[in-house]
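Chain by chain, the residues:
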Amino acid sequence: MGDHKEQQPVRVGAAVRRRRRALELTLAGLAERTGLSVPFLSQVENDKARPSRSSLEKLADALRTTAVELLAAADPAASVDVVRAEPVADGDFAPRTRSLVRGHHQLHASEFTGDHDAGREFQHRNDELMYVADGAVEIEAEGRAHRLGRGDTLYLTGGVRHRWRATVPDTRIIVVAVAEHIEAVKDRSR
């Protein structure tokens, strides 16, 4: 018995196209917002090119969503789904992002390896948990810097603006968040 979609790469083209059309943007308008070329965006939408993490973040920003949401919308949800680790060549220290959950679910999880744009600020509608699997990070939230090492977690309530950066090479951080399409429920005990 094989794993569901075990060998299929994630294709974000249809999700990008749906979101672009929902915002009534042309490819030229999206290109202007992202700084990416129209031919490249056309290739992405037709699944002939896969955007890098940086390009996916530019697309998400321009489409007023997140990279996690675009990845989640790329594949239909499955009740049971195994996401296999991608092989990494020895000595490959390039920053990577990997979705750990495929499809349209209530939770999203992503793995970030290496550093990323430390100046990029995030603010998610719903709660999220950040777990440091390897290395160390510094997370700035609500005017405070939090230093986390291997095995540490940080919980953020929805709406909290934050940014993070890896402080050692080969850092791996797992981010688990309540999906943007879920309406957060307030604490009913109060």
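Keep in mind that what you see is a predicted model, and the values were worked out from it rather than measured. Each chain has its residues counted from 1, running along the sequence as written. Given that the model is predicted, a residue must reach a pLDDT of at least 70 before its local features are reported, and side-chain atom pairs must reach 80 or more before they are shown or counted; all residues, however, enter totals for whole chains, interfaces and linings. The side-chain figures draw on all heavy atoms in the structure; neither hydrogens nor water molecules are used.

S.K.: Could you clarify how one ought to interpret the packing of aromatic side chains in this entry?
M.R.: Within a pair of aromatic rings, the relevant descriptors are the distance that separates the centres and the angle that separates the planes. Between the rings of Phe, Tyr and Trp (Trp by its six-membered ring), a pair exists once the centres lie within 6.5 Å; its type follows the angle of the planes, with under 30 degrees stacked, over 60 edge-to-face, and the other angles tilted. Scanning all chains against the criterion turns up one aromatic pair. Seen in terms of ring centroids, Phe 112 and Trp 164 are 5.7 Å apart; in terms of plane orientation they differ by 70°. Their pairing is edge-to-face. Taken together, the residues span a long stretch of sequence, with Phe 112 in strand S2 (residues 107-113) and Trp 164 in strand S7 (residues 162-166) at a distance of 52 residues. Here Phe 112 matches Trp 164 in class, with each residue buried. Numbering of helices and strands starts at the N terminus; helices are DSSP runs of H or I of at least 4 residues and strands are runs of E of at least 2. Three labels apply to residues, based on accessible area from a 1.4 Å probe with only protein chains included: buried if under 20% of the type maximum, exposed if over 50%, partly exposed otherwise in between.

S.K.: Is there a simple way to think about the packing of helix H4 (residues 53-62) against helix H5 (residues 67-74) in this case?
M.R.: Any two packed helices are characterised by how steeply their axes cross, that is the angle between the axes, and by the distance between the axes. Across the interface, H4 lies against H5 with an axial gap of 8 Å and an inter-helix angle of 95°. Here H4 is positioned roughly perpendicular relative to H5, judged by the angle of their axes. Contacts between H4 and H5 involve Leu 56, Glu 57, Leu 59 and Ala 60 from the first element and Ala 67, Leu 70 and Leu 71 from the second. Residue composition of the contact of H4 with H5, grouped by class: six nonpolar, no polar and one charged. For every element, the axis is a line fit to its C-alpha atoms; helices are fit only across the contacting stretch, and the angle between N-to-C directions ranges from 0 to 180 degrees. Should an angle fall under 35 degrees it is called roughly parallel, over 145 degrees roughly antiparallel, and 65 to 115 degrees roughly perpendicular, with every other angle called oblique. Any two residues having at least one pair of non-hydrogen atoms within 4.5 Å are treated as being in contact. Charged means Asp, Glu, Lys or Arg here, nonpolar means Ala, Val, Leu, Ile, Met, Phe, Trp, Tyr, Cys or Pro, and polar covers whatever is left, Gly included.

S.K.: Would you take a moment to explain the side chain of Glu 111 for this structure?
M.R.: Mapped onto the elements of the fold, Glu 111 is located in strand S2. A relative accessible area of 10% places Glu 111 in the buried class. There is a polar contact of 2.7 Å between the side chain of Glu 111 and the side chain of Arg 172. Ignoring any residue separated from it by four or fewer positions in sequence, one finds Glu 111 in contact with Arg 96, Thr 97, Arg 98, Leu 100, Arg 172, Ile 173 and Ile 174. The definition of a polar contact used here is a pair of N or O atoms within 3.5 Å, where within protein one atom must be able to donate a hydrogen and the other to accept one, and adjacent residues in sequence count solely through side-chain atom pairs.

S.K.: Just checking my understanding: could you explain H4 for this structure?
M.R.: Spacing of three or four residues puts side chains on the same side of an α-helix, whose turn is 3.6 residues. Among the 10 residues in H4, seven count as buried, and that is most of the element. Buried within H4 are the following residues: Arg 53, Ser 55, Leu 56, Glu 57, Leu 59, Ala 60 and Ala 62. If you follow the buried residues of H4, they end up packed against helix H1 (13-22), helix H2 (27-34), helix H3 (38-45), H5, strand S1 (96-99) and S2. Arg 64 occupies a position one or two residues after H4 and carries a positive phi of about 55°.

S.K.: Explain the layout of surface pockets here, please?
M.R.: It is a probe the size of a water molecule, rolled over the atoms, that shows where empty space is left. Think of a 1 Å grid over the protein atoms and nothing else: a 1.4 Å probe that fits but is trapped marks a cavity, an open set flanked by protein within 12 Å on at least five of seven lines marks a pocket, and residues with an atom within 4 Å of a point count as lining. Grid points are joined across faces, edges and corners, and a volume is the space filled by probe spheres set on the points. Estimated volume of the second largest pocket: approximately 230 Å³. If you trace the second largest pocket, you find 12 residues lining it, with Val 88, Arg 96, Glu 111, Thr 113 and Arg 172 closest to the centre. Only S1 and S2 provide two or more residues apiece to the lining of the second largest pocket. For the lining of the second largest pocket, a count of residues per class yields two nonpolar, two polar and eight charged.

S.K.: Even after reading the chapter, I still don't get the sheet that holds strand S3 (residues 128-134), so can you show me in this structure?
M.R.: Sheet strands pair by backbone hydrogen bonding; their relative direction is either parallel or antiparallel. Strands were regarded as paired on the criterion that DSSP finds at least two bridges between them. With antiparallel pairing, five strands are arranged side by side in an open sheet as S1-S2-S8-S3-S6. Each edge of the open sheet carries a strand with a single partner, namely S1 and strand S6 (153-156). Within the sheet, the average angular offset between the axes of one strand and its neighbour, ignoring direction, is 20°. Bridge count for S1 against S2 is four bridges, and the pairing is antiparallel. Residue pairing for S2: Arg 96 is matched across the bridge by Thr 113.

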